[in-house]
Amino acid sequence: MKRRLSALLLALLPLFLSACAYAPGAATPTSVPDGELAVHFIDVGQADSALLLCGGQAMLIDGGNAQDSSRVVSYLEDQGVDTLDYVVCTHAHEDHVGGLSGPLNTCAAAQVFSPVREYDSKAFRDFVRYTEAQGLTPAAPSPDETFSLGGAVVTVLGPRRDYDDTNNTSIVLRVDFGETSFLFTGDMERDAEADLLSDGCDVSCTVLKVGHHGSSTSTSYPFLRAAMPEYAVISVGEDNSYGHPHEETLSRLYDAGCTVYRTDRLGTVVAVSDGTDVSFLTERSGSPETGRGDTSGSAYIGNRNSQVFHRETCANLPAEQNRVTFDSREAAVSAGYRPCGGCNP
């Protein structure tokens, strides 16, 4: 059984990390213990950024918005990172590329990846400028290309086609470490997901970085059935204007049996793999979500109008005339109802 560590307050996070020998302020990423991979899903609000540390090497995947640049730089400094072996811009939208300029300005980079070399935005042009200032050119990795990150093996799964939708151009990476694996999907939408499956890509994973901040246009049922992650991490901003993560996506993740970590509720999420088990730390106190809870003897109340179902104790139960009762969660889902985002039935 996978180990789960209780969420800790921000004040305790450095103490725990120190005990694990990769404390903030350590001289280099080599302070990560041998035989471990640490994946930091940095809380950059409604954006994406992840730092991977393994065997003395570091990879930064996306950097959030331009306004998050200093936040990411500070986070790298806290982890003792001054050299990035790999910098990955999954795609050209600002909430992924915007914050990479700061790290590229303060850290030495060995390789920089991007699916494109040109995009009409200041954020992307700044990313290219700081990359070129290091004597590098953003390179598009080839599908099925592999490279090492310490003791981990990184495989490029996508993009596998040319797409008009920038989200679908996202670089998709699978990171294997021992018996565990992490899948990073950028903002890949259903079309690109389907292409990965049709090409026979192995998308199975222990931890899934959920695509497009939990949008309903990503993380389709066929993709989830192939991936079957035990854990899912959603990088998303609190009370964002998009309504992310969408209820449909959460429902699919819960139906797949995922334990879900959300940065809007838990802050930065750190997953640590020893090659066999994955454990988690969170910046804020709280618990991940499973969408289940103790439901023994419970009934579920559906709203005939909205097709949403609730726990019996939910504050948003529909009027009596609009209610339909289900004996189980599975019965509600089978009837086409989706779970309430408030009570998470």
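From a predicted model like this one, the values you see are computed outputs, not experimental measurements. (Residues numbered from 1 in each chain as written. Predicted model: local features only at pLDDT ≥ 70, side-chain atom pairs only at ≥ 80, totals over all residues. Heavy atoms only, no water.)

**Thoughts on the pairing of strand β7 (residues 152-158)**
Argument step 1. Of all the seven residues making up β7, six are buried; the element is thus mostly covered by neighbouring parts of the structure.
Argument step 2. As judged from the four bridges shared by strand β6 (residues 146-149) and β7, these two strands associate in the antiparallel manner. Across the sheet, the residue bridging to T146 is T155, located in β7.
Argument step 3. The loop that links β6 with its antiparallel partner β7 comprises two residues; one of these, G150, has a positive phi angle of about 60°.
Argument step 4. With five bridges connecting them, β7 and strand β8 (residues 172-177) associate as antiparallel partners. Bridge pairing links V156 to L173 in β8. (Buried < 20%, exposed > 50% of the residue type's maximum accessible area, 1.4 Å probe, protein only. Helix = DSSP H or I, 4+ residues; strand = E, 2+ residues; numbered from the N terminus. Pairing = 2+ DSSP bridges.)

**Digging into the nonpolar core**
Argument step 1. L52, M59 and F184 are the most contacted members of the largest nonpolar core, which totals 31 residues.
Argument step 2. Ignoring anything within four residues of it in the chain, the contact list for L52 reads L37, A38, V39, Q57, A58, M59, I61, L149, V175 and F184.
Argument step 3. L60, A123, V270 and V272 belong to the second largest nonpolar core, which has 29 residues in total. (Core = buried A, V, L, I, M, F, W, Y, C linked by side-chain atoms within 4.5 Å. Contact = heavy atoms within 4.5 Å.)

**Points about the sheet that holds β7**
Argument step 1. Taken together, seven strands build an open sheet; the order of strands is β6-β7-β8-β9-β10-β11-β12 and the sheet is mixed. Edge strands, defined here as strands with exactly one partner in the open sheet, are β6 and β12 (259-262). If you compare each strand with its neighbour and ignore which way they point, the axes differ by 20° on average.
Argument step 2. Where β8 and strand β9 (residues 180-184) come together, five bridges link them in antiparallel fashion. (Axes fitted to C-alpha atoms, helices over the stretch in contact; angles between N-to-C directions.)

**As for helix α2 (residues 69-78)**
Argument step 1. Looking at α2, one finds that the buried residues are S69, V72, V73, Y75 and L76. Buried residues of α2 fall within an arc of 160° about the axis and therefore sit on the same side.
Argument step 2. Along its buried surface, α2 packs onto β1 (37-41), β2 (50-54), β3 (57-61), β4 (83-88), α4 (101-106) and β13 (269-273).
Argument step 3. G80, located one to two residues past α2, shows a positive phi value of around 75°. (Arc of directions from axis to C-beta.)

**Quick notes on the confidence of the model for the chain**
Argument step 1. Residue-level pLDDT values for the chain average 88, and 89% of them are 70 or greater.
Argument step 2. Across residues 1-30, confidence stays below pLDDT 50; counting only partners more than four residues off in sequence or on other chains, it has 75 contacts.
Argument step 3. Predicted confidence for residues 293-297 stays below pLDDT 50, and this span has three contacts to residues more than four positions away or in other chains. (pLDDT = per-residue confidence, 0-100.)

**Re the packing of aromatic side chains**
Argument step 1. Overall, the coordinates contain 10 aromatic pairs when judged by the stated rule.
Argument step 2. With 4.2 Å between their ring centres and 10° between their planes, Y261 and F280 make a pair best called stacked. Here F280 lies in strand β14 (residues 278-282) and Y261 lies in strand β12, a separation of 19 residues in the sequence. Accessibility assignment for this pair places Y261 and F280 in one class, buried.
Argument step 3. Looking at R129, its charged tip hangs above the ring of Y130, at a distance of 4.7 Å from the centre.
Argument step 4. The aromatic ring of Y221 is capped on one face by R252, whose charged end is 6.0 Å from the ring centroid. (Phe/Tyr/Trp six-rings, centres within 6.5 Å; stacked < 30°, edge-to-face > 60°. Lys NZ or Arg CZ within 6 Å of the ring centre and 35° of its normal.)

**Here's the deal with the pattern of salt bridges**
Argument step 1. If you walk through the whole model with that rule in mind, you get 15 salt bridges.
Argument step 2. The salt bridge partner of D202 is R174, with a shortest N-O separation of 3.4 Å. Remark: R174 occurs in strand β8 and D202 occurs in the loop between α6 (190-198) and β10 (207-209); sequence separation between them is 28 residues.
Argument step 3. Across the pair E289 and R262 runs a salt bridge whose closest N-O atoms are separated by 3.8 Å. Of this pair, E289 sits in the loop between β14 and β15 (300-303) while R262 sits in strand β12, placing them 27 residues apart in sequence. When sorted by exposure, E289 lands in the same class as R262, which is buried.
Argument step 4. When salt bridges that share partners are traced, they join D144, R160, R161, D195 and D199 into one network. (Salt bridge = Lys/Arg side-chain N within 4 Å of Asp/Glu carboxyl O.)

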